[in-house]
Amino acid sequence: YVLRLLLDEPIPLNDGLMEPVELILPPGMLNPVFDDNPELCPAIVGGNVEISQRLTDTILKAFGIVAASQGTMNNTLFGNDKFAYYETVCGGCGAGEGFNGASAVHHHMTNTRITDPEIMEHRYPVRMEEFSIRRGSGGKGKWKGGDGVRRVMTFLEAVNLSVLTQRRRSGPYGLHGGEAGRPGRQQLTRNKGEQVELGSVHNINLDAGDRFIMETPGGGGYGDDDEY
């Protein structure tokens, strides 16, 4: 995928791109050792959705061509005994030489499109209160990082909610003097008014009337404003 981004040619994305490339992966997180006994094997969670995003940013950083994008797919799951729903939530892209980062989009390794609010409300017991661009969340710089989004949902019946997210403590890095984007966050407003901050990875039971708020990270900025 990264090689495809670096090539200014309309060529297909397939294994042929890797023929002239040698991958060196020492044993570790990206090349775990699997024992013959399954009980001794490491757990694998979020490799396709989370590690892939951070790995893409890391490789692009090595080439120095673009600041970090949101670096997570903001995985959101909720359901009960009657249904289950899963989605990934868009955010901000990193800026690069000559261009600002795109706002409120799925990018890099994400290959999904978010469900329209009208469809969600029609099929599930949820009301979409807000789905907006999180203005100012992209990092500053000569070229600005893209903004994340703010998503507010009120549940109309009891559900179990899980989130699997990253970049909640620190935002996506800027490059060549650009500033980092703002980190994401998520919280609950209980139907009786209590505020509950959720961790980057969290599972919690919700009651009817509880409101879930997610703010996704903005992309990093590129270039120092003072140098231009």
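Residues numbered from 1 in each chain as written. Predicted model: local features only at pLDDT ≥ 70, side-chain atom pairs only at ≥ 80, totals over all residues. Heavy atoms only, no water.

**Student:** So what's going on with the environment of Asn 14? Which residues, and what values?
**Tutor:** Here Asn 14 is to be found in the loop between helix H1 (2-6) and helix H2 (47-63). Here the alpha-carbon distance between Asn 14 and Glu 130, two residues 116 residues apart in the chain, equals 39 Å. Of note is the side chain of Asn 14, whose polar atom sits 3.0 Å from the backbone nitrogen of Gly 16. (Helix = DSSP H or I, 4+ residues; strand = E, 2+ residues; numbered from the N terminus. Polar contact = N/O pair within 3.5 Å; in protein donor to acceptor, adjacent residues only side chain to side chain.)

**Student:** Tell me about the layout of surface pockets, residues and numbers included.
**Tutor:** One water molecule sets the probe size; rolling that probe over the atoms shows where empty space is left. The calculated volume of the largest pocket comes to roughly 880 Å³. Lining the largest pocket are 27 residues, and of these Leu 23, Leu 25, Leu 30, Leu 55 and Ile 59 lie nearest its centre. With seven residues, the top contributor of residues to the lining of the largest pocket is H2. Here the residues of the lining of the largest pocket are counted per class, giving 22 nonpolar, four polar and one charged. (1 Å grid on protein atoms, 1.4 Å probe; cavity = no way out; pocket = protein on both sides within 12 Å on 5 of 7 lines; lining within 4 Å. Points joined across faces, edges and corners; volume = space filled by probe spheres on them. Nonpolar A, V, L, I, M, F, W, Y, C, P; charged D, E, K, R; others polar.)

**Student:** Talk me through the pairing of strand S7 (residues 195-198); I want residue IDs and the actual numbers.
**Tutor:** One face of the sheet, then the other: side chains in a regular strand alternate in exactly this way. A one-sided burial pattern is seen for S7, the buried positions being Val 196 and Leu 198 and the unburied ones Gln 195 and Glu 197. Pairing geometry for strand S6 (residues 185-189) and S7, over four bridges, is antiparallel. In the sheet register, Gln 186 faces S7, and the bridge partner there is Leu 198. (Buried < 20%, exposed > 50% of the residue type's maximum accessible area, 1.4 Å probe, protein only. Pairing = 2+ DSSP bridges.)

**Student:** Summarise the pattern of salt bridges; cite the residues concerned and give the values.
**Tutor:** Evaluation of the coordinates by the stated rule reveals eleven salt bridges. With a closest N to O distance of 4.0 Å, Arg 211 and Glu 129 form a salt bridge. Note that Arg 211 is positioned in strand S9 (residues 211-215) and Glu 129 in strand S3 (residues 126-134), a separation of 82 residues in sequence. When its relative accessible area of 35% is taken as the criterion, Arg 211 is described as partly exposed. A salt bridge links Glu 215 to Arg 185, with the shortest nitrogen-to-oxygen separation between them at 3.6 Å. With Glu 215 in strand S9 and Arg 185 in strand S6, the pair connects residues that are 30 residues apart, well separated along the chain. A relative accessible area of 10% places Glu 215 in the buried class. Look at the salt bridges and you will find they share partners, linking Glu 130, Arg 134, Arg 150, Arg 185, Glu 197 and Glu 215 into a network. (Salt bridge = Lys/Arg side-chain N within 4 Å of Asp/Glu carboxyl O.)

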